[in-house]
Amino acid sequence: MTTTAFNDGWSVRDKTSIFESLQGAAETTPVTLPHDALIHRDRSAAPGRTSHTGYFPSATVEYTKTIDIPENYRDKRVTLEMQGVHRDAMVYVNEVFAAQRPFGYSTFFVPLDAFLHYGGPNTIRVEARAHEDSRWYTGVGIHRDTLLHVTELVHITPTGVQITTPDIDSRRAVVEIVTTVQNESTGTAQRTISTVLRDPEGHVVATDTAPLTLRAGSTSVARQRLYVTTPQLWDVDSPSLYTAATTLADTGTSVEERETTFGIRTLQLDPVDGLRINGTTVKLRGACLHHDNGILGAATIGRAEERRVQLLKDAGFNSIRSSHNPLSQAMLDACDRHGMLVMDETFDMWTIGKSAFDYSLSFPEWWERDVEALVAKDFNHPSVIFYSIGNEIPETGNPLGSDWGRKIAEKIRSLDETRFITNSINGFVAAITDVARMMAAQREGEAPAGVNAAGDFMGAINASDMVTEKTAESFAAVDVAGINYGETRYVADRDTFPNRIIVGTETFPRNIDVNWRLVEENSHVIGDFTWTGWDYLGEVGIGRIQYLAEGEMPAFAAPYPWLAAWCGDLDITGFRRPMSYYRETVFGLRHEPYIAVRPPQHHDAQAFPSPWAWSEAVAGWTWDVPTGSPTTVEVYSDADEIELLLNGDSIGRAPTGRDHSYRTTFEVPYAPGQLTAVALTAGEEVSRASLRTAAGSARLQVLADRDHLVDDTSDLSFVTIEFRDADGTLITGADRAVRVEVSGAAVLQGLGSARPDPTEKYDADTHTTFQGRLLAIVRPTGVGPVSVQVTADGVEAATLSLDVAAAGAEPAHETVLDPAIGR
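Every chain is numbered independently, its residues counted from 1 as its sequence is written. At least 70 in pLDDT is required for a residue's local features to be given in this predicted model, at least 80 for side-chain atom pairs to be given and counted, and no such filter applies to totals for whole chains, interfaces and linings, which use all residues. Side-chain numbers come from the whole structure's heavy atoms, not from hydrogens or water.

Chemist: Quick question: what am I supposed to make of the pairing of strand β22 (residues 319-322) here?
Modeler: The side chains of a regular strand alternate between both faces of the sheet. By the alternation rule, side chains of β22 split into S319 and R321 and I320 and S322, which are all buried. DSSP-based pairing: two strands are paired if at least 2 bridges between them are found. Helix and strand definitions here come from DSSP, where helices need a minimum of 4 consecutive H or I residues and strands a minimum of 2 consecutive E residues; each element is numbered from the N-terminal end. The pairing of strand β21 (residues 284-289) with β22 spans four bridges and is classified as parallel. Each bridged residue has a counterpart across the sheet, and for C288 the counterpart in β22 is R321. Note that the unit made of β21, helix α1 (residues 302-314) and β22 has a crossover that is right-handed. Alignment of β22 against strand β23 (residues 341-345), held across three bridges, turns out to be parallel. What sits directly across from R321, in β23, is M343. Read as a crossover between parallel neighbours, the route from β22 over helix α2 (residues 329-338) to β23 is right-handed. Relative accessibility thresholds used throughout: buried, under 20% of the residue-type maximum; exposed, over 50%; partly exposed, between the two (1.4 Å probe, protein chains only). Seen with the strands pointing away from the viewer, any crossover whose path from the first strand over the helix to the second strand runs clockwise is right-handed.

In structure tokens form, the structure reads like this:
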């Protein structure tokens, strides 16, 4: 068997009808997959453009690739693996229909044999479309990896190696490998399956060989039990990974080889000890995570996925919930390597749609196949501990509708009994028809005053007897009750449902101090997942603060040119916002105070924060306001109290720590210089932190997260560009245009900032900084040196050198501290 990356050599163009094509086809553009064909299109507030998807247009595109198929492939099987095409993919081979997949996040396999022209060129064409089919930005196109598999007629099926560890103790672990083999020849076949297990250091720890006889046209399995002594267990702090090398042999000659990575770990769950991994209780410090990669759009490039996992873990998270669709294989691989727990979610809708043309139109026919694809993708990944069967599904409040939940849950259990199942239920949505009637009856009486009161109203509805009754059947179908915005239920449910285990599958970010105390103090509550860990495109401005005139009402969505939701702990480029440091403090992982300053320009304005908003505070003390301007300073700390100093003079002291929500504020007359927070416990200083006013001329600081790359379609270098003064202080208030030129064996894949309301696109070589920062993403195109030159008016240019080695050379990657960490 050969498996090759199939990401190179594609072209893309807008799809036209067969009749329009008579007047000339649309212009094609060469692309490398994964690719998003929507992110670089013009946005506007024109009719048909919605805030949900970031004011992008609808699009229908087609990708084309031509490959030569040798004559000797007639006696083999050729299969195309597509790990995600959004949306409603149609695959044609030599202009003959070969496959369809409506769901944009499922891996699917396309047998090519019946359509191939052997000994010559063959054209593969893939159509994709996006049109009012989501509540957030989806992108459009082949946004995940593609692979080409060539096997013998007797072969292991595409997802045919599944590994479990059913029995583990300190002395040994039982590793069970089930290998599924298919015989597509016309005669009986006798083969052997050999498996070699290697530990994380590469040492052989167990082997086994089993014979297998298959009748013509049949499929069978070889089941092997191997024993690993003194196993190294996988967990979040030590993600030890083993490999299983599987060989299919014909009379002693290898005809197919597979290598599968897996982990050895136990999972236990009960209301007394909560979630246990390898016998130790683990509380889930969770981040909800949308699928887009910020300025890359929906393109799921491997290194971008890994970077997100690394930065989220460095920020204090130990788990992610895919929201609201299955994670990519690239991200699951990264979670395995870095010890990030995963709740992988199926769908955002079942039979009741949330957008005009969403997956609900395909769900009744396709749900079972998409669930099978989810489980097959996740099965060997130790990071995956939960399947979530839906997000805020209206049917969960209806007895007949909840039957869909039982069907999905039981389907998953039939495929994988080793993991737990939840359903991310929002009682407000489950009872939304009744809620609508209540609000209509109340009219303007007690109905919530705009989006800013929605959080409290949602909590009250979630805690009601009505929701308790409506959701009981849906919660009974799963192992853990996933509750969105319903922390008001946690304590009451402990008594009402003593066997119920709860996880906060979606919570308001600013409530983490209260929510985390509930998690810590209630064994049946196993974790909290904030909305969101990483900012995302679409649902624009749901986390913003609005400054309104008297009589104006806050709106849920922001107007064009807003693009980002602006509710993530980390922004779309991966930089940590002040909320992230606050959460880290609440989690007990940070003991140094953190200072953030609200923009003094808005000091006297009436602010309307949404339930998903933090504050507009910035970790900077450089403001273009007159000296003496009133300024609000926030300080986060787990110490008893904070003393704030301005240029050495005390502004005052205020209590912090757990009993004071780990935060305090000071009113400070602005003056350039140094602002210092001194953390005190029992009257003694335990730590301090400072902000300084930037002074003098700006300088460019350019840093790459990695300067040694591999010539591979999954590799990237993330280059952070900042304006700093001579002392290294970030200049947050003097944004300007920056130009980036990449030459050599790479291209500029994207250039942009975290600005939530940009008017610039991410495919140009010039972009304006936001709060002093910009991110450039460099993608290898070959082997050799790469030069990244950065210029801006009024400052000295900066040049960065990278190098790209051949794939398989595995150079020693020098990891430079990512500027997104620790600021």
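Chemist: I keep staring at empty space enclosed by the protein and nothing clicks. Help me out?
Modeler: Here the idea is plain: a probe the size of a water molecule rolls over the atoms and shows the empty space left. In the cavity and pocket records, a cavity denotes points on a 1 Å grid over the protein atoms alone where a 1.4 Å probe fits but cannot get out, a pocket denotes an open set with protein on both sides within 12 Å along at least 5 of 7 lines, and lining residues are residues with an atom within 4 Å of a point. Grid points are joined across faces, edges and corners, and a volume is the space filled by probe spheres set on the points. A full pass over the atoms with the stated rule returns five cavities of 30 Å³ or more. The space that makes up the largest cavity amounts to roughly 140 Å³. When the residues that make up the lining of the largest cavity are grouped by side-chain class, the tally is six nonpolar, six polar and five charged. Surrounding the second largest cavity, N293, I295, L296, A304, R307, R308, W534, I572, T573, F718, L775 and I777 form its lining. Residue type decides the class: Asp, Glu, Lys and Arg count as charged, Ala, Val, Leu, Ile, Met, Phe, Trp, Tyr, Cys and Pro as nonpolar, and the leftover types, Gly among them, as polar.

Chemist: Can you help me understand the nonpolar core in this one?
Modeler: The nonpolar side chains of a soluble globular protein tend to be buried with one another. Definition of nonpolar core: a set of buried residues of the types Ala, Val, Leu, Ile, Met, Phe, Trp, Tyr and Cys, connected through side-chain atoms within 4.5 Å. Ranked by size, the top nonpolar core spans 76 residues in total, and within it L284, L312 and I320 carry the most contacts. By residue number, the principal contributor to this core is helix α3 (residues 363-378), which donates six residues. Two residues form a contact once any of their heavy atoms are found within 4.5 Å. The contact partners of L312, leaving out residues within four places of it in the chain, are A287, L289, F317, I320, M340, G533, W534 and L570. Grouped together as the second largest cluster of nonpolar side chains are 53 residues, I39, F56, V85 and L537 included.

Chemist: I'm lost on the sheet that holds strand β33 (residues 641-646) in this one. Help?
Modeler: Sheet strands pair by backbone hydrogen bonding; their relative direction is either parallel or antiparallel. Strand order across the open sheet formed by four strands is β34-β33-β36-β37, with antiparallel pairing between neighbours. At either margin of the open sheet sits one strand with a lone partner, and together these are β34 (649-655) and β37 (684-692). Pairwise comparison of adjacent strand axes, ignoring direction, gives a mean angle of 20° for this sheet. The pairing of β33 with β34 spans six bridges and is antiparallel. From the neighbouring strand, E641 faces β34, where its bridge partner is P655. Note on geometry: axes are C-alpha line fits, over the in-contact stretch for helices, and angles between N-to-C directions span 0 to 180 degrees.

Chemist: Whenever I open this one, unusual backbone geometry confuses me. Can you help?
Modeler: Comment: phi is negative for the bulk of residues other than glycine, and the bulk of peptide bonds are trans. The omega torsion across L33 and P34 is -10°, close enough to zero to call that bond cis. Residue placement: P34 occurs in the loop between β3 (29-31) and β4 (59-69). R87 follows H86 through a cis peptide bond whose omega is -5°. The phi dihedral of N647 falls on the positive side, at around 55°, and the residue is not glycine. Mapped onto the fold, N647 is located in the loop between β33 and β34. Residue A682 is not a glycine yet carries a positive backbone phi of 55°.

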